[in-house]
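One-letter residues, chain by chain:
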Amino acid sequence: MGLRGLAGTGFIVGIAGLTATIAAGGSPGRAGGPAGRTARQAAPADDGAAVIGERRPCDRVLDLDIRSPVLDGVGRARLLLPRRWSRDASRRWPVLWLLHGAGAGAEGHTAWTDHTDVEELTEDADVIVVMPDGGPCGNYTDWWNRGGGGAPKWETFHLAELRQILERGYRAGPDRAVAGNAMGGLGALSYAARHRGLFRAAASFSGPLHTLYRDPAGLDVADLVELGVAIGAPSLAWTDVWGDPDEQRVVWRQHNPYDLADRLAGVRLHISAGDGAPGPYDHRPGDPGPDAAEPRDAVETLAHTVSQEFAGKLRKLGIPVSAHFYRGTHTWPYWRRELRATLPTLLAEIT
């Protein structure tokens, strides 16, 4: 459809959070800034990525600043630690990864604790919750960059550098689950499919799970990638992510959960999305309630369509998946509800 065709689609309803990125100075590859308190020396990743700062805002929360050669700057991650965690413990803990959506600005690693009650929900869970920064429009991938590669490499930062750091210095174990909202839902299913055996469970909340889905009259996932880069990294070309979806179709397919669906056999899967119509969390107390005549959230409508297609393909392949499709928009109150409902299943797979 292209950006010029977005007027009147209701598209802006679903991307309001992206505009905060500009004010925050967000960048897809340079998550730089001052590091926190110097961390105790911890084993670096294979490529030299290392923790250069730690902050402990409260008892269970540990924020890490990581000097990363694949980001050309400092990457960040927030950890929620189990009650009896110690870096000197003789045991290791299972790990739940939570990935944020586009437009999270400079504080993507705090999105889940800022907008949900994940800290309270996991208070008695014997797991480490890892919430890494994924950039305002990083798409949880190593950018193609016109075939030249190079920074930013978000997939490498998360699944090589950060994973190695956590396993070598923070007692993270080999049992993992992953979930994410919006762009993070795409990342969760892509990571689970592209790295077979790394995650035992994966969940997407409103993720664009078929990146090559086309709707000539409406919104495509390519439009989301284009707009995300235009807002989050206006000096870069959106085709730097995976190339042009027609000319570099092979690259897109290599990162498209729909095309990789067969690689998810054996992973406990959950998918959810709203239909884009205003739902129970879109009205204040005392309002008359949802009105079918109100404009739909175009981004959530797209997520709903492609998530249903993705679930249908999994079922055709004989791969079990649980799904929840509901009335609602592309907003945090619904993702908070979905996390509450899905968390017990995710944790059951790794504890």
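An account of the accompanying structure is given in this report. All chains use their own residue numbering, which begins from 1 and follows the written sequence. Per-residue local features of the predicted model are confined to residues with pLDDT of at least 70, and side-chain atom pairs are confined, for both listing and counting, to 80 or more; whole-chain, interface and lining totals are unaffected and use all residues. Hydrogens and water are ignored here; the side-chain numbers use all heavy atoms of the structure.

Regarding the pattern of salt bridges
Logical step 1: By definition, a salt bridge exists where a carboxyl oxygen of Asp or Glu is found within 4 Å of a side-chain nitrogen of Lys or Arg. All chains considered together, the criterion is met by 19 salt bridges.
Logical step 2: When the shortest N-O distance is used, the salt bridge between Arg83 and Glu123 registers 2.7 Å. Taken together, the residues span a long stretch of sequence, with Arg83 in the loop between strand 3 (73-80) and strand 4 (93-99) and Glu123 in the loop between helix 3 (118-121) and strand 5 (128-132) at a distance of 40 residues.
Logical step 3: Among the charged side chains, a salt-bridge network with shared partners connects Arg55, Asp65 and Arg76. Per the convention used, a helix needs a DSSP run of H or I reaching at least four residues, while a strand needs a run of E reaching at least two, with both numbered from the N terminus.

Considerations on the sheet that holds strand 6 (residues 172-181)
Logical step 1: DSSP-based pairing: two strands are paired if at least 2 bridges between them are found. The strand order across the open sheet formed by nine strands is 1-2-3-5-4-6-7-8-9, and the pairing between neighbours is mixed. The strands lining the two open edges of the sheet, one partner per strand, are strand 1 (50-58) and strand 9 (322-326). Taking the axes of each pair of neighbouring strands and ignoring which way they run, one obtains an average angle of 20 degrees across the sheet.
Logical step 2: Note that strand 7 (residues 201-205) and strand 8 (residues 268-274) share five bridges and pair parallel. Paired with Ala203 across the strands is His270, a residue of strand 8.
Logical step 3: The criterion used for residue contact is that any of the two residues' heavy atoms lie within 4.5 Å. Working convention: axes come from line fits to C-alpha atoms, limited for helices to the stretch in contact. Angles between N-to-C directions cover 0 to 180 degrees. Sitting on the sheet, helix 5 (residues 183-194) touches strand 4, strand 6, strand 7 and strand 8, and the angle it makes with strand 6 is about 140 degrees.
Logical step 4: Across the face of the sheet, helix 8 (residues 298-316) comes into contact with strand 8 and strand 9 while running at roughly 150 degrees to strand 8.

Quick look at unusual backbone geometry
Logical step 1: The omega torsion of the bond from Ala151 to Pro152 falls at 0 degrees, within 30 degrees of zero and hence cis.
Logical step 2: For Pro152, the location among the structural elements is in the loop between strand 5 and helix 4 (154-169).
Logical step 3: Here Ser206, not a glycine, exhibits a phi torsion of approximately 60 degrees, which is positive.
Logical step 4: Here Ser206 is to be found in the loop between strand 7 and helix 6 (221-232).

What about the pairing of strand 5?
Logical step 1: Classification of residues uses two cut-offs on accessible area relative to the type maximum, computed with a 1.4 Å probe and protein chains only: under 20% is buried, over 50% is exposed, and between them is partly exposed. A large share of strand 5 lies buried, amounting to five of its five residues.
Logical step 2: Alignment of strand 3 against strand 5, held across four bridges, turns out to be antiparallel. If you follow Leu79 over to strand 5, its bridge partner there is Val130.
Logical step 3: Inspection of the sheet shows strand 4 paired to strand 5 by three bridges, in the parallel sense. Note on strand 5: the bridge partner recorded for Leu96 is Val129.

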